[in-house]
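This is what each chain is made of:
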Amino acid sequence: GSPKHGGDCSAVQTQLRNVQQIQATAYGAFAAILANGSVVAWGDRDRGGDCYAVQTHLQKVKQIQATDEAFAAILADGSVV
């Protein structure tokens, strides 16, 4: 598939180990929860494929919910990022 729309995860391939859940936005981004509770995102940076700005907060993630162009993560303590 199109790299801009999430079809190429090679930039994060080495991080995608022990994946527990994957969610996708409607417009080309993916986010995966790993077994250690961290999150890896890829795809269109303007539509959720870049979580760098909040990466330090994405620990102990239990669930991810996607909208058309973004993700929200529910943490183990019930807070949302």
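To start, this report covers the structure provided alongside it. (Residues numbered from 1 in each chain as written. Predicted model: local features only at pLDDT ≥ 70, side-chain atom pairs only at ≥ 80, totals over all residues. Heavy atoms only, no water.)

1. Here's the deal with the packing of aromatic side chains
Enumeration over the complete set of coordinates arrives at 1 aromatic pair. For the ring pair F30 and W42, a centre distance of 5.5 Å and an interplane angle of 15 degrees mean the geometry is stacked. Of this pair, F30 sits in strand β2 (residues 29-34) while W42 sits in strand β3 (residues 39-43); the two residues are 12 residues apart in sequence, bridging distant segments of the chain. Accessibility expressed as a relative area gives 26% for F30, which makes it partly exposed. (Phe/Tyr/Trp six-rings, centres within 6.5 Å; stacked < 30°, edge-to-face > 60°. Helix = DSSP H or I, 4+ residues; strand = E, 2+ residues; numbered from the N terminus. Buried < 20%, exposed > 50% of the residue type's maximum accessible area, 1.4 Å probe, protein only.)

2. Quick look at the pairing of strand β5 (residues 71-75)
Two strands pair when backbone bridges link them, and strand β4 (residues 61-66) and β5 are joined in this way by 5 bridges, in the antiparallel orientation. Within β5, the position partnered with Q65 by the bridge is A72. Between β4 and β5, which follow one another and run antiparallel, lie 4 residues. (Pairing = 2+ DSSP bridges.)

3. Quick word on the environment of G7
In this fold, G7 is placed in the segment before β1 (19-24). For G7, a relative accessible area of 46% gives the class partly exposed. In the structure, G7 is positioned 36 residues away from G43 in sequence and 7.1 Å away in space, judged by C-alpha atoms. Here G7 is in contact with G1 and S2, once residues within four sequence places are set aside. (Contact = heavy atoms within 4.5 Å.)

4. With respect to the pattern of salt bridges
For side chains bearing opposite charge, pairing can occur when the charged atoms are close. Counted by the stated rule, this structure contains 3 salt bridges. With its nearest N and O atoms 3.3 Å apart, the salt bridge here joins D44 to R47. A salt bridge links R47 to E69, with the nearest nitrogen and oxygen atoms 3.4 Å apart. Placement of R47 in the loop between β3 and β4 and of E69 in the loop between β4 and β5 is noted, with a sequence separation of 22 residues between them. For R47, a relative accessible area of 29% gives the class partly exposed. Among the residues examined, E69 registers a relative accessible area of 39% and is labelled partly exposed. Salt bridges linked by common partners bring D44, R47 and E69 together as one network. (Salt bridge = Lys/Arg side-chain N within 4 Å of Asp/Glu carboxyl O.)

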